[in-house]
Amino acid sequence: MEKRAAVIATLDLSDNVDRKALVIDKMKKAWSQKKFREKSSGKKPYSISMTLNTKQKLNAMAEEKGMKINEMIEYLVQNEFKKRAINE
């Protein structure tokens, strides 16, 4: 509670309006990012490279099944994993 009061007092006493707006904007973005991370429980973002042709095929497959791209990738991986487990 003391930290919150100190931050509010610091912002209130700031004479630089532009700096105050920038700090408030950064705080809002940080809070938004925190809430987003909390909501995506158990999920971690990954970055992968693929050709445009592969991306188009992935988009078409996802659209055909009514899925988002990340859901389609999970679906494909899970199905391939199941097929391999059956064949062993």
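These notes cover the structure that comes with them.

Reading the values: rules and limits
Residues numbered from 1 in each chain as written. Predicted model: local features only at pLDDT ≥ 70, side-chain atom pairs only at ≥ 80, totals over all residues. Heavy atoms only, no water. Helix = DSSP H or I, 4+ residues; strand = E, 2+ residues; numbered from the N terminus. Rg over C-alpha atoms; globule rule 2.2 N^0.38 Å. Areas by Shrake-Rupley, 256 points an atom, 1.4 Å probe, with all protein chains shown as cover. Lys, Arg positive; Asp, Glu negative; His and termini not counted. Charge placed at Lys NZ, Arg CZ, Asp CG, Glu CD. Salt bridge = Lys/Arg side-chain N within 4 Å of Asp/Glu carboxyl O. Axes fitted to C-alpha atoms, helices over the stretch in contact; angles between N-to-C directions. Parallel < 35°, antiparallel > 145°, perpendicular 65-115°, else oblique. Left-handed = near helix turned anticlockwise from the far one by under 90°. Contact = heavy atoms within 4.5 Å. Nonpolar A, V, L, I, M, F, W, Y, C, P; charged D, E, K, R; others polar. Buried < 20%, exposed > 50% of the residue type's maximum accessible area, 1.4 Å probe, protein only. Expected span 1.5 Å × (residues − 1).

A few words on the overall build of the chain. Looking only at helices and strands, the chain features 4 helices and 0 strands. Along the chain direction, N to C, the helices and strands of the chain fall in the order α-α-α-α. Computed over the C-alpha atoms, the radius of gyration of the chain is 23 Å, more than 25% above the 12 Å expected from 2.2 N^0.38 for a compact globule of 88 residues. Overall, the chain is about 70 × 30 × 20 Å in size when its C-alpha atoms are taken along their principal axes. In the form shown here, the chain has an accessible surface area of approximately 8600 Å², with 57% of it arising from carbon and sulfur atoms. Within the chain, one finds 20 positive and 12 negative side-chain charges whose respective centroids are separated by 2 Å.

A word on the pattern of salt bridges. In the structure shown here, the tally under the stated rule is 5 salt bridges. When salt bridges that share partners are traced, they join Lys34, Lys35 and Glu38 into one network.

Take the packing of helix H1 (residues 2–13) against helix H2 (residues 17–39) next. Helix-helix packing is described using two parameters, namely the angle between the two axes and the distance between the axes. Packing of H1 against H2 brings their axes to within 9 Å, and their N-to-C directions diverge by 150 degrees. On the basis of their axis angle, the class for H1 and H2 is roughly antiparallel. Considering the relative orientation of H1 and H2, their crossing is left-handed. Residues Val7, Leu11 and Asp12 of H1 touch H2, and the partners they reach there are Lys20, Val23, Ile24 and Met27. Residue classes in the contact of H1 with H2 are distributed as 5 nonpolar, no polar and 2 charged.

With that settled, the discussion passes to the environment of Met27. Its location among the elements puts Met27 in helix H2. Of the residues examined, Met27 reaches a relative accessible area of 41% and is grouped as partly exposed.

Moving on to the packing of helix H3 (residues 52–65) against helix H4 (residues 69–87). Look at H3 against H4: their axes get within 9 Å of each other, and the N-to-C directions meet at 90 degrees. On the basis of the axis angle, H3 is roughly perpendicular to H4. Between H3, through Lys55, Leu58, Asn59, Met61, Ala62 and Lys65, and H4, the contact on the second element is made entirely by Ile69, Met72, Ile73, Tyr75 and Leu76.

Turning to H1, a few remarks are in order. With 12 residues, H1 should cover 16 Å at 1.5 Å per step; its first-to-last C-alpha distance of 16 Å lies within 8% of that length. Burial within H1 is sparse, with just 1 of its 12 residues counted as buried.

One can find Glu2 in helix H1. Under the relative-accessibility criterion, Glu2 is labelled exposed at 72%. Sequence separation between Glu2 and Lys44 is 42 residues; the distance between their C-alpha atoms is 34 Å.

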